[in-house]
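Fold and geometry: a report
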Amino acid sequence: MSSATAAPRAGPGLADGPRTTAGVIAEGNLDAHLAGLGARAAREGLTADGWADLVELTALRGHVRGRIDEAEGAATLAEAFAARAPRDPRALLARAGRAAHFHRFAAALDDLDRAAALGLDRRTVDEERAAVCQALGRYDEALALCRYALSRRRDFRTLGAMARCRAESAEPGGAADEAESWFLAARRAYRGVSPFPPAVLEFQCGRMWLERGRPARARDWLESAVARLPSYVPAQGHLAETDAAEGRTAAAVDRLRRLALASDDPAYAAGLARHLDAGENSTEVRFWRAHAAARYEELTAHHPEAYADHAAQFWLTVGDDPRRALVLARENLALRATPRARALLDHAVRRVGARRR
């Protein structure tokens, strides 16, 4: 690796993060801004830049609040933007981002190619293409794009993209430590006051450590994200998993109850059913299990590419239907050949074999 893209030193740690606007103020400002953009769109008075902001900020609010319906709303807005301005690269970029979110990767790459042909700057195209390649398990391509971007500019965006790439492809051990050093470098490079970008970055690093069985390290990052945005639902959900991994089951259940009521993502209902004491809360367990099952059925019908892996995990655990999980895990691996997808399929195969025996 060239000196321009060498992994930075880890630095002093999480206590030195940027100071940002209080989360409750930032979320209120986001709501007000989106209301204004929506009103102008309804009056046919929104510019192309305004449409791009409307799509991006709707998606951001949906992510922070754990609302799949807002993510779907952002996708609908992106389609409307592209229909209004089919030759505007900003419209194609917006639609590509929403297609990638729902794992329609071929459609996303096609829109990015068209946006590039219409003059969208290479930096933006490469950044979005790297994210798609990463999601598909094409890590060498993603890494090459991230290295090129870093050779041209070293800022929050490029450092964060490299951090996410290394986190996704990292194996347990040193590679994860290297990924964390990129997260720290991106965090130090942040120059804004909005809490959203650094909180999302911190959440992503916390998720990496949780997936690698390091809950204490994950907690540091996740708590930093929640300190910026107390209502950050995915970060709170991962903190619940950290609580459970550290033996604080009651704390995990308390968090998950709140999230299951606030979010339309069935992951929280499924987690709640999994961590509840079935002997003492059998009625509640059955309720949340049934709620999660019905919602996963709905999501896999409407967004099969995006929710096959999540639904397979549910049916392998509290859903207790390994055969259904096996079908979904195979569909997921056919879409993207990542190590995580292979591990999910292996798990499903073992469960089905054990059930047969």
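Scope of this entry: the structure provided in the associated data block. Just so you know, these numbers come straight off a predicted model, no measurement behind them.

**Things to note about unusual backbone geometry**
- Not every positive phi belongs to a glycine, and Glu-44 is a case in point at roughly 60°.
- Assessed through its relative accessible area of 54%, Glu-44 is described here as exposed.
- If you check the backbone angles, Asp-320 has positive phi at about 55° while not being a glycine.
- Looking at the element boundaries, Asp-320 is found in the loop between α16 (304-316) and α17 (322-335).
- Take Asp-320: its relative accessible area is 45%, and that puts it in the partly exposed class.

**Here we look at the state of the cysteines**
- Under the counting rule described, the total for this entry stands at 0 disulfides.
- Cys-146 supplies the cysteine sulfur nearest to Cys-165, a cysteine that is in no disulfide, at a spacing of 4.5 Å.

**Points about the pattern of salt bridges**
- Applying the stated criterion across every chain, the model contains 42 salt bridges.
- Here Arg-114 makes a salt bridge to Asp-111, at a shortest N to O gap of 3.5 Å. With Arg-114 and Asp-111 both in helix α5 (residues 105-117) and 3 residues apart, the pair spans about one turn of that helix.
- Asp-111 gets classed as buried once you look at its relative accessible area, which sits at 4%.
- Two residues, Arg-129 and Asp-113, come together in a salt bridge whose shortest N-O distance is 2.6 Å. Of the two residues, Arg-129 sits in helix α6 (residues 122-135) while Asp-113 sits in helix α5, which places them 16 residues apart along the sequence.
- A residue is classified by how much of its surface remains accessible, and Asp-113, at 43% relative accessible area, is partly exposed.
- Each of Arg-219, Glu-223, Asp-243, Glu-246, Arg-248 and Arg-255 takes part in salt bridges that share partners, so that together they form one network.

What counts, and where the lines are drawn
- Residues numbered from 1 in each chain as written.
- Predicted model: local features only at pLDDT ≥ 70, side-chain atom pairs only at ≥ 80, totals over all residues.
- Heavy atoms only, no water.
- Buried < 20%, exposed > 50% of the residue type's maximum accessible area, 1.4 Å probe, protein only.
- Helix = DSSP H or I, 4+ residues; strand = E, 2+ residues; numbered from the N terminus.
- Disulfide = S-S within 2.5 Å.
- Salt bridge = Lys/Arg side-chain N within 4 Å of Asp/Glu carboxyl O.

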